[in-house]
Amino acid sequence: MTRTPVNVTVTGAAGQIGYALLFRIASGHLLGADVPVRLRLLEIPQGLKAAEGTAMELDDCAFPLLKGIDIFDDPNQAFDGANVALLVGARPRTKGMERGDLLSANGGIFKPQGKAINDHAADDIKVLVVGNPANTNALIAQAAAPDVPAERFTAMTRLDHNRAISQLAKKTGADVTDIKRLTIWGNHSATQYPDVFHAEIAGKNAAEVIGDQAWLADEFIPTVAKRGAAIIEARGASSAASAANAAIDHVHTWVNGTAEGDWTSMGIPSDGSYGVPAGLISSFPVTCKDGKYEIVQGLDVNEFSRARIDASVAELIEERDAVRELGLI
Ligand SMILES: NC(=O)C1=CN([C@@H]2O[C@H](COP(=O)(O)OP(=O)(O)OC[C@H]3O[C@@H](n4cnc5c(N)ncnc54)[C@H](O)[C@@H]3O)[C@@H](O)[C@H]2O)C=CC1
Ligand SMILES: O=C([O-])CC(=O)C(=O)O
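These numbers come from a predicted model, not from an experiment. Chains are numbered independently. Their residues run from 1 in the order of the written sequence. Think of it this way: whatever chain is written first is A, whatever ligand is written first is 1, and the rest follow in order. Where local features are concerned, this predicted model is filtered to residues with pLDDT of at least 70; where side-chain atom pairs are given and counted, the filter is 80 or more; whole-chain, interface and lining totals use all residues. Side-chain numbers come from the whole structure's heavy atoms, not from hydrogens or water.

### Things to note about the UniProt feature "binding site: substrate" (unreviewed entry) in the protein chain
- What UniProt calls "binding site: substrate" (unreviewed entry) maps, in this numbering, to Arg93, Arg99, Asn132 and Arg163. Across 71 residues in sequence, these annotated residues place their C-alpha atoms as far as 25.8 Å from one another, rather than forming a single compact spot.
- When residues no more than four places from it in sequence are discounted, the contact partners of arginine 93 are Glu98, Arg99 and Leu102.
- Put simply, DSSP marks the helices as runs of H or I at least four residues long and the strands as runs of E at least two long, and each gets a number from the N terminus on. Structurally, the position occupied by arginine 163 is in helix α6 (residues 158-172).
- Residue exposure (1.4 Å probe, protein chains only): buried if accessible area is under 20% of the type maximum, exposed if over 50%, otherwise partly exposed. Judged by its relative accessible area of 11%, arginine 163 is buried. UniProt positions are given in the numbering used here, feature names are shortened, and annotations may be inferred rather than shown by experiment. In what follows, a contact means two residues having at least one pair of non-hydrogen atoms within 4.5 Å.

### Observations regarding the pairing of strand β5 (residues 126-129)
- With burial as the criterion, each face of β5 is covered, one bearing Lys126 and Leu128 and the other bearing Val127 and Val129.
- For two strands to be treated as a pair, DSSP must find no fewer than two bridges joining them. Where strand β4 (residues 84-87) and β5 come together, 4 bridges link them in parallel fashion. Bridge pairing in β5 links valine 84 to lysine 126.
- Remark: the β4/helix α4 (residues 99-120)/β5 crossover connection has right-handed handedness.
- Judged from the 3 bridges that link them, β5 and strand β6 (residues 153-155) form a sheet pairing that is parallel. Residue pairing in the sheet places valine 129 in a bridge with alanine 155 of β6.
- Crossovers are described as right-handed under a simple rule: with the strands pointing away from the observer, the path leading from the first strand over the helix to the second runs clockwise. For the crossover from β5 across helix α5 (residues 134-143) to β6, the handedness is right-handed.

### Some details on the sheet that holds strand β11 (residues 204-205)
- Pairing is antiparallel in the open sheet, where 3 strands are placed in the order β7-β10-β11. At either margin of the open sheet sits one strand with a lone partner, and together these are β7 (179-180) and β11.
- As judged from the 2 bridges shared by β7 and strand β10 (residues 200-201), these two strands associate in the antiparallel manner. By the bridge assignment, lysine 180 is partnered in β10 with glutamate 200.

### Observations regarding the site of ligand 2
- In these notes, residues near a molecule or strand are those with any non-hydrogen atom within 4 Å of it. Around ligand 2 lies a shell formed by Asn132, Arg163, His188, Gly228, Ser238 and Ser239.
- Polar contacts, as counted here, are pairs of nitrogen or oxygen atoms within 3.5 Å of one another; within protein the pair requires one atom able to donate a hydrogen and one able to accept it, and residues that are adjacent in sequence qualify only if both atoms are side-chain atoms. Separating an oxygen atom of ligand 2 from a side-chain N or O atom of histidine 188 is a distance of 2.7 Å.
- Within the contact set of ligand 2, an oxygen atom lies 2.6 Å away from a side-chain nitrogen or oxygen of serine 239.
- Using the Shrake-Rupley algorithm and a 1.4 Å probe, accessible areas are obtained, with residue cover drawn only from the displayed protein chains. Protein coverage of the free-state accessible area of ligand 2, which is 270 Å², stands at 73%.
- Classification convention: Asp, Glu, Lys, Arg as charged; Ala, Val, Leu, Ile, Met, Phe, Trp, Tyr, Cys, Pro as nonpolar; all other residues, Gly among them, as polar. Taken together, the residues of the shell around ligand 2 break down into no nonpolar, 5 polar and 1 charged.

### Side note on unusual backbone geometry
- Cis geometry is found at the peptide bond from asparagine 132 to proline 133, where omega equals -5 degrees.
- Residue position: proline 133 is located in the loop between β5 and α5.
- Within the chain, arginine 181 stands out as a residue other than glycine whose phi angle is a positive 60 degrees.
- Assignment of secondary structure puts arginine 181 in the loop between β7 and β8 (183-185).
- Taking the relative accessible area as the measure of exposure, arginine 181 reaches 27% and is therefore partly exposed.

Right under this line is the structure:
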């Protein structure tokens, strides 16, 4: 194999998502079965030993595509030469923490990481932020990286997208592969809006196939939007393997493209489309081709959808204003 390995930096490498993610990156699921990778892992000092243990296990897999693993506690080194960056490590909300404290603690992580990406990453860097609050953390990192094109900073709503497809398949008896053109709009939070009005199930309009507006409003949307909390309740820990899987899907689709006639959902800097203020990192329907994404244009947004998109965007505006107030952007 003569291809130059792609440098993939993963933060929070010793965490539960990191553990589910790294083996799939190393086995070729992130970029393709013919693309060699070098892993650059970033942890805080307390996480280094566990990251070393994971690196030992990665070695023990003898993955043909894995061409090296380096572990750092300095973002400037971890992002040096990075082509793909998966920003997973974040400060979770703990008891008694206000939202402002959470945003501020995460600002202390994502601002320096954004600057390190700005100063050290490769010119073709693509960034996916997974750590919550993902959209606003992505905004903080992007604002700290003025030399990197803003559109390279994305936030993960692919898990929500996959969850919505799975719920639709369960409800209708369709196969997940028959469900296309589903959209998650807005924030990766309980305000997100999973939109089926343009979705298709085996080529037919999904809303018509379901034919049950009450189910959509009272079951489907809350089930998808609150799935993260339901997983925590059931598992005693937040979703990890499904989040890692969605991160793989997000980057794989961004790099390798969406299928003809389909689209996906990504949190991306708005260009003002669909009335979402420019610059906010909000989830949109996008198609991907040749390593670039484009917002799907011209969709008719009905009143039901408009109110829900606006509510999620209002939350993103509040988060943006809060981090602006804190001097983080
Ligand atoms: N966008 C999405 O759909 C989803 C996002 N998440 C979020 O992903 C994040 C990670 O989740 P888990 O892996 O379960 O958490 P975890 O707590 O198991 O692991 C986080 C890891 O990040 C490390 N870390 C903390 N600060 C760091 C820094 N400054 N630099 C490098 N590493 C750092 C910690 O030491 C820890 O090992 C959380 O914020 C979680 O809420 C989880 C599921 C879905
Ligand atoms: O709430 C969390 O930390 C996990 C999360 O984002 C999700 O499962 O969607």
